[in-house]
Amino acid sequence: MPHYRSIFLSDVHLGTRGCQAESLLDFLRHNSCQQLYLVGDIIDLWRLKIRWYWPRSHNTVVQKILRLARSGVVVRYIRGNHDPVYELLSDYVQGQDDESISLGDIAILSETVHETADGKKLWVIHGDQFDAAMRYATWLIHLGDHGYTLLLWLNRLLQSAFRRLGLRRHWSLSAYIKYRVKKAVQFINDYEHLLAEETARRGYAGVICGHIHHAEQKSIEGILYYNDGDWVESCTALVEHMDGRMEIIHWPITLRFDQDVAA
């Protein structure tokens, strides 16, 4: 079993039908770490408010994370815009010391700083604060959320068809559309540069974020930019090796039963 100094996960979206909970469980069972960072949007309260969806696998993910925390793994939960901690605890988290708010063995933070084994200080934040559409056009982001949900529903139908044909492959309709639309590509580029600029202003070597469901590892004008991706479309995690080296892990999709698709 690979053992890492740190693992960073975001945008799991437990409580939604698009969540690849089985794949995440498989990843957590085959990889261990000293520190686990949950970089926002782990539980999707937005979707749960509209319609309750909580299969056994989603509950198992929560239990697995709690067991890791009890076993000595340092777990830090960075709030995201879809998270229940954002709406329920954000008033308490903002302006508080990092370790002042906790749920059992898990620290709840609005942001934090991670120091790598080789001494680099990395700013850890979900990143929704740098999404202009979310900050200034809430109605637009909700409209986009409904459209995205429709794409995920269509994608599940395609996956069901693949399985009936005996094709064990994963092809994301939403990812295909998103990364081929010029405006979406420009949005990702703007988002990355805004975060890099703010990271430089704060004096950190780099930033670790999520939010846009696009795993990436690169340097932007001397600032290290890491996005750990998501567990809806791509099933990716960012890991820190014992020597401080960072790497994005792409985990295989665990195919679900057809009845889960049809539910």
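For every chain, the first residue of the written sequence is number 1, and numbering continues from 1 along that sequence. Restriction of local features to residues with pLDDT of at least 70 applies here, the model being predicted, together with a cutoff of 80 or more for giving and counting side-chain atom pairs; totals for whole chains, interfaces and linings are based on all residues. Values shown for side chains rest on all heavy atoms present in the structure; no hydrogens or waters enter the calculation.

A.B. asks: Would you mind showing me how to read unusual backbone geometry here?
C.D. replies: Negative phi is the rule for most residues except glycine; trans is the rule for most peptide bonds. Of note in the backbone geometry, Asp11 takes a positive phi value of approximately 55° without being a glycine. Think of it this way: any DSSP run of H or I at least four residues long counts as a helix, any run of E at least two long counts as a strand, and we number them from the N terminus. Of note, Asp11 is situated in the loop between strand 1 (3-9) and helix 1 (21-30). Positive phi is not limited to glycine here, since Cys235 has a value of about 55°. Within the fold, Cys235 resides in the loop between strand 10 (223-227) and strand 11 (236-240).

A.B. asks: Even after reading the chapter, I still don't get the sheet that holds strand 3 (residues 74-78), so can you show me in this structure?
C.D. replies: What holds strands together in a sheet is hydrogen bonding between their backbones, with the strands either parallel or antiparallel. Taken together, seven strands build an open sheet; the order of strands is 4-5-3-2-1-11-12 and the sheet is mixed. Pairing within the sheet leaves two strands with one partner each, and these edge strands are strand 4 (102-103) and strand 12 (246-250). Pairing geometry for strand 3 and strand 5 (residues 106-109), over four bridges, is parallel. Its bridge partner lying in strand 5, Val75 is registered against Ile106. Docked against the sheet, helix 1 engages strand 1, strand 11 and strand 12, running at close to 160° with respect to strand 1. Strands are treated as partners if at least two bridges between them are detected by DSSP. Two residues qualify as a contact provided that any one of their heavy atoms is within 4.5 Å of a heavy atom in the partner residue. Every axis corresponds to a line fitted to the C-alpha atoms, with the helix fit spanning only the stretch in contact, and the corresponding angles, defined between N-to-C directions, vary from 0 to 180 degrees.

A.B. asks: Help me understand helix 3 (residues 56-70) in this model?
C.D. replies: The periodicity of an α-helix, 3.6 residues per turn, causes residues three or four positions apart to be oriented the same way. What a helix should span is 1.5 Å times the count of its residues minus one. The end-to-end C-alpha separation of helix 3 is 21 Å, in line with the 21 Å expected for 15 residues at 1.5 Å each. Only protein chains enter the accessibility calculation, which uses a 1.4 Å probe. A residue is then buried if its area is under 20% of the maximum for its type, exposed if over 50%, and partly exposed in between. Every buried residue of helix 3 is listed here: Ser57, His58, Thr60, Val61, Lys64, Ile65, Leu68 and Ala69. Gly72 lies just past helix 3 and shows a positive phi near 115°.

A.B. asks: Just checking my understanding: could you explain the sheet that holds strand 10 for this structure?
C.D. replies: Pairing in this open sheet of five strands is mixed, and the strands run 6-7-8-10-9 from one edge to the other. Both outer strands of the open sheet, strand 6 (112-115) and strand 9 (216-220), are each paired with one neighbouring strand and no more. Adjacent strand axes in the sheet meet at a mean angle of 25° when their direction is disregarded. With four bridges joining them, strand 8 (residues 206-209) and strand 10 adopt parallel strand pairing. Paired with Gly206 across the two strands is Leu224, which belongs to strand 10.

A.B. asks: Can you walk me through the pairing of strand 7 (residues 121-124) in this structure?
C.D. replies: The side chains of a regular strand alternate, residue by residue, between the two faces of the sheet. Judged from the four bridges that link them, strand 6 and strand 7 form a sheet pairing that is antiparallel. Bridge assignment links Glu115 to a residue of strand 7, and that residue is Lys121. Counting the residues that bridge the hairpin from strand 6 to strand 7 gives five residues, and of these Gly119 lies at a positive phi of roughly 90°. With three bridges joining them, strand 7 and strand 8 adopt parallel strand pairing. Note that in strand 8 the partner of Leu122 across the bridge is Gly206.

A.B. asks: Explain the nonpolar core to me, please; I cannot follow it from the model alone.
C.D. replies: A general trend in soluble globular proteins is that nonpolar side chains are found buried together. Core analysis: the largest hydrophobic core is formed by 33 residues, its most contacted members being Leu9, Phe27, Leu36 and Trp231. Elements supplying a minimum of two residues to this core: strand 1, helix 1, strand 2 (32-39), helix 3, strand 3, strand 5 and strand 11. Within this scheme, the nonpolar core is defined by two criteria: the residues are buried Ala, Val, Leu, Ile, Met, Phe, Trp, Tyr or Cys, and they are joined through side-chain atoms within 4.5 Å.

A.B. asks: I would appreciate a short explanation of the confidence of the model for the protein chain in the present structure.
C.D. replies: As a general rule, the predicted coordinates of low-pLDDT regions are not to be interpreted in detail. Per-residue confidence from the predictor is reported as pLDDT, a score between 0 and 100. For the protein chain, the average pLDDT comes to 82, and 72% of its residues sit at 70 or higher. Between residues 133-143, whose pLDDT stays under 50, and residues either more than four places distant or in other chains, the model counts 13 contacts. Note on residues 257-263: pLDDT is under 50 here. Beyond four places in sequence and across chains, it has eleven contacts.

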